[in-house]
Each structure stands twice: as structure tokens, then as C-alpha cells.
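Structure assessment
Spelled out, the chains give:
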Amino acid sequence: MTEANANTPLPADAPDPVVGIDLGTTNSLVAIADARGPRVLHPDSERPILPSVVRYSADGARVEAVGDEARDHAVEHPERTVSSVKRLMGRALRDARADAPYLSYTLVEGDHNTARVRIGERVISPQEVSAEILRALKARAAGALGHDVRRAVVTVPAYFDDAQRQATRDAGRLAGLDVVRIVNEPTAAALAYGVGLAAKEPQTIAVYDLGGGTFDISILRVTPVAPGAAEPAFFEVLATAGDTRLGGDDADRMIIDLVREELSARFGVDADFPPATRQALHRFAEGAKVRLSTDDAAPLRIDIGEGRVYERTLGRTEFEAMITPLIERTLSRCAQALRDAKVAPGDIDRVVMVGGSTRIPLVRERVGAFFGVEPYTALDPDLVVALGASVQGAILSGVGADALLLDVIPLSLGVETVGGGVAKLIVRNQTVPARAVEMFSTSVDGQTSIKLHVLQGEREMVEDCRSLGVFHLSGLPPMPAGVPQVEVEFLVDANGVLSVSAHERRSGKRAALQIVPNHGLSRDEVDRMEAEAYANAREDMSRHRVADLVANAALDIKWITERLDAVRDDLDPDYAADLRAKADALRAQVEAARADWRSVEPDDLHRAKHDLDEASLRLHEVSIARSLRGD
Ligand code: ADP
Ligand code: MG
């Protein structure tokens, strides 16, 4: 968390910047493009990327930690640490069910079948959790720039449908951010790449983005503008495809499954582990995976006590065989995007790699072979989306180059017709903004109202598409079937957000649908949450930071002291004594801060806490081993 500045008003003569935000499933970042060029904003003492993880207090009433702190201690507080919440944004609980076994927190159903998170007594919407991440990013940006930040461009996966985009906007609003534009992640990446592009000829570019939870492939055309012109290039998205449930997390799961199977085969340990063990296994698995991007082998070792040690080496070749089907799936989506764009693999001039999982050598190799070009990896795959978003922000705020950006509609939009079919008004990959009009009529004599069911998807039948909403055009004068002329208009704005209106020509009756997504928040809910957010925003940030640190440190001390007693027999006495001394030192600081928060230096407190956390690693391992043993 960043201290100070967050509430400092913008000086009257300062430009009102538009920052770029990559709100990722796994990690999030905020960047700005100004006179100093595009760069990520973060406190000097912290990493540029902020893990998209939020920890709540046990009753769910208060946010305890966001980012690294929340991620690093997810093991101790699995039921109230929310990660991968992007997978739940704008989705129904039934659609999110498949993810539930991999989430350590409890999912419940909210209004309109929405997926929500339950922490203690509280039911929290994914939008509220995302707003916490956005709020932390906003504070980071404000801290780095020295003034408040109000406007942002936020990126979403290309495959996000209308409800998911709307949920993302609502999250921004809850965080006190005006989301001036929603941009597809691969489009932002291409923009980062395209700026400064010295090409003379138009180029066709593929953006391959394999993150933690999502995969996106986009085919773009970049047209350089005449020499000497202010604009560097003209971007056009030809096609997008992807999979919202495919990414590096899947590779982690494969390793976890392997370990679980072998643990139960060798030792007969129950494969249904408690949450803390699941989280720890996840960290092990991810660590091994990351190591295999640079090393030929990664050791796996879990001491499950009573002289039983699970130990084996995971070789790169074995790992590559495991993940080959994942890579194949991404390549089939690439083939789909090429078909949609009517481009042959050989026509791709450049392939841009985005997302942490593109660091896996086999991914680079297979993608390079598929497109027949060496993938472009000069841009940091973790930062490229946020940097591109910041460039788009600069363009929108009028300080950047005037590149034009044409996004496409990721999924077709239509209405239900008689018999459960879907008439598509706007087909996918059309550029935004887009407008389409179609005439419909009644099927029964004397019908005085018409139901319009708005759908999104590629399939032909209603049940295979995503329902966006239903509305009725009522009060029509009775007429014979087929006589009324109902003009239905679909309008998709530059953000990809849809509005629908209908108009019966003979009677002049009109109706409009504000798409309140079936899986989103109601306007009232957003208004209420926004009011709550304002009420909290006045809190002094520095005090807030000390309070957070004290609360977190107290939890650490409590946990460590308890565990030290519980697993004393398994610990080296010197180690235990040292850890206890560190805990006591931190406790003294915590007590001083509780007496007067101004009496402690937040950085000192942070350091003492960090030291204790580092030192407690061994204790964690021993505790995990104990819990595997079931005592
Ligand atoms: P998202 O866009 O979903 O937020 P990121 O682009 O930040 O995700 O990518 C996160 C994923 O990248 C995680 O699954 C992480 O394990 C993986 N990752 C990060 N670094 C490496 C690496 N060196 N090798 C393999 N995978 C990595
Ligand atoms: Mg990403």
C-alpha cells in the first residue's frame, strides 16, 4: 500500500492524466505515458507488478491487505484471501462452478444468479474485490505522481463479453476512477509495440498473450502514416480469438495433480487436502514451473513426517510433455483467428509475446514454428499491456500521438427469433463503434407486446448463447400478425458496450434497453457501494498504512507463536529461538504503534515484519508437513 498523497488534489494548472491499467487475473499494474515516455508507476520499495490478491478480515468487513502481502500469506488465511477474482467478473455462479475446486474461498450465489464471494458474514461481489485492486493501483499512481489520479484506461481480455466489460467499469467506479476507455489487452500490447515503430510498409501482427488465467490471440494490421506526420501508425484489429479459461494456472494444476496422485499412491495420504495445504502446493508447483523456464530440472520435496519424504525431480522434458496439450489448444485458437482475419500464417510479419507464461521456452518455440517467425520478446511480457494502455490514455488525454485505434466486437450480438433461433445483428470481429438495424414483426394476430431477448455468442440456438437481457415493447395497438414493423437498433460504443432500442413504426411506440447485464450489479448496488467508497476515502493514508501493518504483523506474531509451540519438537532449537526473538522485536513495535501510531516509522515496521516473514519460511514448511500428516 502506498502512503500519503492519494487525496492530494490536482494542482489547478496540471494536466489531468489518464493512466493505463492492466487489471490481470494474476497480476495488475498501472502505467503512465507522459513527457518522460511510458512507464509503470510503483513505490521504489515494491515490485512493478501488484498481485491481484485481496485479503479481508475474518468477518469480511475490512480489507487487510492487497498485493504481495496478501499473496505471500494466502497460505495462512486461505478462506479470506481472494485471488483470480477476474474469473468471476460478470459471470453466473453456475458458469464459475468449474473454477471452485481451485479457489480457496467460498463462492455463493448473489442476485441474478451472480457469482459472489463469501468471507465470514459478508457476501462480496467480484466488482468490489476488483475495486480494491484498482484502489491500490490508484494510490500507487497518486503516490508516484504526487497528485490525485481520477481517469484511467482499463484493459480486458478480448473475449470478455458485455457483462464482463460492464462489471469492469463498475469496479472502476467503485474505486473512484472514471474508466474513460476499455481496451482489449492484446490491442494495448500492440499499441505499446507500435509506438516508435519505424516500419515503412503496413505490417500484419499477431499478439499472443498467455497469462495466468486467460489466453488471447489477436491479429492486427499496423499501417504507418506518411513520413513526417505526427501519427506513428494506424492500428486495426482484424480478428481476435482466445479462451478465458486457459493459462499458466493450468500448468500449475497439472503439477499439483501429479504430486497429489504420487503422494496418495506412495503413502496413501488423503488427496483431499485442507485449504492451507492446497495453497502451499500451489506455491510449490508454480515455483517449479518458473524454474523450468530457465533450468533443465526442478526438485520437488515435501516432508510429510514420520520419516516419509516425497521427493522427485521434475525434468523439463517431462514438464513439456505435460503442457503440450495446453500449447496445442492455444495454437488451434491462433488458427481460428487467422481464418477469421483471412490471413495465412506466412503473412504474419511479427508475433508479439505477452503474459508471464510466454517465458516458457517451449511456448516461444511452438509459437515461432506455427507462425514461421521468431517471436518478438523485446518488450517485457509482464508490462507490455499496461504500457500500451497508458499510451492509449495519453492519446485520449490529448498529450500523446494521435494513433487511431480500432477495436473489434469479440462475440456476435443478436436477438431471439421464433423457435429459439438467434438472428445476429452484429457479427463478431466487426470494428467498434458499430450500429445495426433490423426489422421484426409479430407472429400472432392482435399481439400487443413484443419480447426482445438480446444474446451474445456464435452459436445458432438461444440456449447455446449468452443471454444479455430481455425487454418488452408493449402498448402496441392490436394488428394482424406480420403487420407491425418493429425496427431494432443495436449500438456498440467505442468501449464495446451495447445499447439496444426498438421502435414500432406504425404506432410510433419506442423502448430502449439499457443493458443491465444479467450477471452484473444493479445501478442501486453500484450507487450504494460508491457512496461507501467515498466515505472511506477520507481516511488518512499514512495512518492507514500503519494500521494495516500493525494488523498484519499482529496476525503473523500470533500465528508464528502458536505454531512455534505446536511444532516445537520438529524444529531446530536455535532456529526456534531466533524466530521467537524476531517475533518479540516486532511485537514491541506493534505495541508502540498501538499506543501512538505516530511513534513508529512505517518503513521500520515494514522491515521488521518482512524479516520475520522471511525467517518463518522453515516454520511454514514444517507446519505443512504436519498438516499433511493430519495432526
Ligand atoms: P495475467 O494476465 O493472467 O494477470 P500474467 O501475464 O501476469 O497473468 O502471467 C502470470 C502467469 O505467468 C502465472 O501463471 C505465472 O506463473 C506465469 N509466469 C511468470 N513468470 C514465469 C516464468 N518465468 N516461467 C513460466 N511462467 C511464468
Ligand atoms: Mg495479462
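Because the structure is predicted, anything quoted here is derived from the model rather than measured. Position numbers for residues start from 1 in each chain and track the written sequence from start to end. Chains carry letters from A onward and ligands carry numbers from 1 onward, assigned in written order. Under the rules for a predicted model, residues below a pLDDT of 70 receive no local features and side-chain atom pairs below 80 are neither given nor counted, while totals for whole chains, interfaces and linings still include all residues. With hydrogens and water excluded, all non-hydrogen atoms of the structure serve as input to the side-chain values.

**As for the overall build of the protein chain**
For helices the rule is a DSSP run of H or I covering at least 4 residues; for strands it is a run of E covering at least 2, with both sets numbered from the N terminus onward. Counting its secondary structure elements, the protein chain contains 15 helices and 27 strands. Each residue's exposure class comes from its accessible area (1.4 Å probe, protein chains only) as a fraction of the maximum for that residue type: buried when under 20%, exposed when over 50%, partly exposed otherwise. The buried share of the protein chain, taken over its 631 residues, is 54%. Throughout, a residue-residue contact means that at least one pair of heavy atoms, one from each residue, lies within 4.5 Å. The contacts of the protein chain with a sequence gap of at least 6 include a subset with a gap of at least 24, amounting to 69%. Here the accessible surface of atoms and residues is derived via Shrake-Rupley with a 1.4 Å probe, and residues count as covered only by protein chains that are part of the display. Total accessible area on the protein chain stands at roughly 26,400 Å², and carbon and sulfur atoms take up 49% of it.

**Some thoughts on the confidence of the model for the protein chain**
pLDDT is a residue-level measure of predictor confidence that goes from 0 to 100. For the protein chain, mean pLDDT is 82; residues scoring 70 or higher make up 84% of the total. Looking over the protein chain, one finds the lowest element-wise mean pLDDT in strand 19 (residues 404-406), namely 48, and the highest in strand 5 (residues 53-56), namely 97. Low confidence marks residues 1-12, where pLDDT is under 50. Its contacts with residues over four positions away, or in another chain, come to 36 contacts. Contacts for the low-pLDDT stretch residues 537-541, under 50 throughout, to residues beyond four places or in other chains number ten contacts.

**Focus on helix 8 (residues 316-341)**
A helix is expected to span 1.5 Å for every residue after the first. Here helix 8 contains 26 residues, and its C-alpha end-to-end distance of 35 Å stays within 8% of the 38 Å for a straight helix at 1.5 Å per residue. Maximum bend of helix 8: about 40°, positioned at Ile323, with proline Pro325 one to four residues after it. Lys342 occupies a position one or two residues after helix 8 and carries a positive phi of about 55°. Bend is the name given here to the angle between axes fitted to two runs of seven residues, the run ending at a residue and the run starting at it.

**Here's the deal with the site of ligand 1**
Taken together, the neighbourhood of ligand 1 is formed by 18 residues, with Thr26, Gly212, Glu286, Lys289 and Ser293 sitting nearest. The separation between an oxygen atom of ligand 1 and a polar main-chain atom of Gly212 is 2.9 Å. Protein chains bury 89% of the 580 Å² of accessible surface belonging to ligand 1 in isolation. Mapped by element, the contributors of at least two residues to the shell around ligand 1 are helix 6 (248-267) and helix 7 (275-292). Grouping the amino acids of the shell around ligand 1 by side-chain chemistry returns two nonpolar, twelve polar and four charged. Proximity is defined per residue: any heavy atom of the residue falling within 4 Å of a molecule or strand makes that residue near it. Here a polar contact is taken to be a pair of N or O atoms separated by no more than 3.5 Å, where protein atoms must pair a possible hydrogen donor with a possible acceptor and residues adjacent in sequence count only if both atoms sit in side chains. Three classes are used, and their members are as follows: Ala, Val, Leu, Ile, Met, Phe, Trp, Tyr, Cys and Pro are nonpolar, Asp, Glu, Lys and Arg are charged, and the others, Gly among them, are polar.

**So, unusual backbone geometry**
Both trends apply: most residues other than glycine have a negative phi, and most peptide bonds are in trans. With a phi angle near 50°, Ser84 is a residue other than glycine that sits in the positive phi range. Mapping Ser84 onto the fold places it in the loop between strand 7 (81-83) and helix 2 (93-96). Looking at Ser84, the relative accessible area reads 15%, which means it is buried. Phi at Asn113 is positive, roughly 60°, even though this residue is not glycine. Take Asn113: it is sitting in the loop between strand 8 (106-109) and strand 9 (115-119). A relative accessible area of 34% places Asn113 in the partly exposed class.

**What to know about the packing of aromatic side chains**
Two rings from Phe, Tyr or Trp (for Trp, the six-membered ring) form a pair when their centres sit within 6.5 Å of each other. Planes less than 30 degrees apart are called stacked, planes more than 60 degrees apart edge-to-face, and all others tilted. Enumeration over the complete set of coordinates arrives at two aromatic pairs. Ring geometry for Phe370 and Phe371: centres 4.8 Å apart, planes at 80°, overall edge-to-face. Judged by its relative accessible area of 25%, Phe370 is partly exposed. The buried category is assigned to Phe371, whose relative accessible area is 2%.

**Overview of the pattern of salt bridges**
Two side chains of opposite charge can pair, provided their charged atoms sit close to one another. Should a side-chain nitrogen of Lys or Arg be within 4 Å of a carboxyl oxygen of Asp or Glu, the pair is scored as a salt bridge. Evaluated as defined, the whole model comprises 34 salt bridges. A salt bridge links Glu185 to Lys86; the shortest N-O distance between them is 2.7 Å. On the criterion of sequence distance, the pair formed by Glu185 in helix 5 (residues 185-194) and Lys86 in the loop between strand 7 and helix 2 is long-range, its members being 99 residues apart. For Glu185, a relative accessible area of 4% corresponds to the buried category. Owing to a relative accessible area of 10%, Lys86 belongs among the buried residues under this scheme. Its salt-bridge partner being Asp556, residue Lys609 comes within 3.0 Å of it at the nearest N-O pair. One end of the pair, Lys609, is in helix 14 (residues 602-615); the other, Asp556, is in helix 12 (residues 541-566), and 53 residues separate them in sequence. Exposure class is identical for Lys609 and Asp556. Each is buried. One continuous salt-bridge network, built from bridges that share partners, spans Arg55, Glu64, Glu69, Arg80, Asp556, Lys609 and Asp613.

**A word on the sheet that holds strand 21 (residues 422-426)**
The four strands lie next to each other as 21-20-23-24, forming an open sheet whose pairing is antiparallel. Edge positions in the open sheet fall to strand 21 and strand 24 (466-473), since each of these has one partner strand only. When strand polarity is set aside, the average angle formed by the axes of neighbouring strands in this sheet is 30°. Both strand 20 (residues 413-416) and strand 21 contribute to a ladder of four bridges, which runs antiparallel. Residue Gly414 lies in a different strand from strand 21, and its bridge partner there is Lys424. When DSSP finds two or more bridges between two strands, those strands count as paired. To define axes, lines are fitted to C-alpha atoms, for helices over the stretch in contact only, and angles between the resulting N-to-C directions are given on a 0 to 180 degree scale.

**Overview of the packing of helix 3 (residues 126-145) against helix 4 (residues 162-174)**
Their axes nearest at 8 Å, the elements helix 3 and helix 4 cross at an angle of 55°. Compared by their axis directions, helix 3 and helix 4 come out oblique. For the pair helix 3 and helix 4, the sense of crossing is right-handed. Together, Gln127, Glu128, Ser130, Ala131, Leu134 and Arg135 of helix 3 and Ala167, Asp170, Ala171, Gly172 and Leu174 of helix 4 make up the contact between the two elements. Under this scheme an angle from 65 to 115 degrees is roughly perpendicular, one under 35 degrees roughly parallel, and one over 145 degrees roughly antiparallel; angles in between are oblique. Take the far helix as your reference; a near helix turned counterclockwise from it by less than a right angle gives a left-handed crossing, and one turned clockwise gives a right-handed crossing.

**Let's talk about the nonpolar core**
One finds Tyr208, Ile217, Ile219 and Phe371 to be the most contacted residues of the largest nonpolar core, which totals 48 residues. In terms of residue count, the dominant contributor to this core is helix 8 (ten residues). When near neighbours in sequence (up to four residues on either side) are disregarded, Phe371 contacts Ala206, Ile217, Cys334, Leu338, Pro345, Ile348 and Val351. Counting 43 residues, the second-largest nonpolar core is a separate cluster that includes Tyr56, Ile124, Ala131 and Ala152. We define the nonpolar core as a collection of buried residues of types Ala, Val, Leu, Ile, Met, Phe, Trp, Tyr and Cys that are connected through side-chain atoms lying within 4.5 Å of one another.

**Considering the packing of helix 13 (residues 573-595) against helix 14**
Two elements in contact, helix 13 and helix 14, have axes separated by 10 Å at closest approach and are oriented at 160°. Classed by the angle they form, the pair helix 13 and helix 14 counts as roughly antiparallel. For the crossing formed where helix 13 meets helix 14, the hand is left-handed. Counting all contacts with helix 13, which are made through Tyr575, Leu579, Lys582, Ala583, Leu586 and Gln589, the residues of helix 14 involved are Asp604, Leu605, Ala608, Lys609, Asp611, Leu612 and Ala615. Residues that form the contact of helix 13 with helix 14 fall into these classes: eight nonpolar, one polar and four charged.

**A word on the environment of Val66**
Locating Val66 in the fold gives a position in strand 6 (residues 63-66). Along the chain, Val66 and Val82 lie 16 residues apart, while their C-alpha atoms are 9.6 Å from each other.

**What about the sheet that holds strand 9?**
Within the open sheet, the three strands sit side by side as 8-9-10. Their pairing is antiparallel. Both outer strands of the open sheet, strand 8 and strand 10 (122-124), are each paired with one neighbouring strand and no more. The sheet shows a mean angle of 45° between the axes of neighbouring strands, direction not considered. Across three bridges, strand 9 lies against strand 10 in antiparallel orientation. When the sheet's bridge partners are listed, Arg118 is paired in strand 10 with Val123. Here helix 3 sits on the sheet and contacts strand 9 and strand 10; the angle it forms with strand 10, its principal contact strand, is near 75°.

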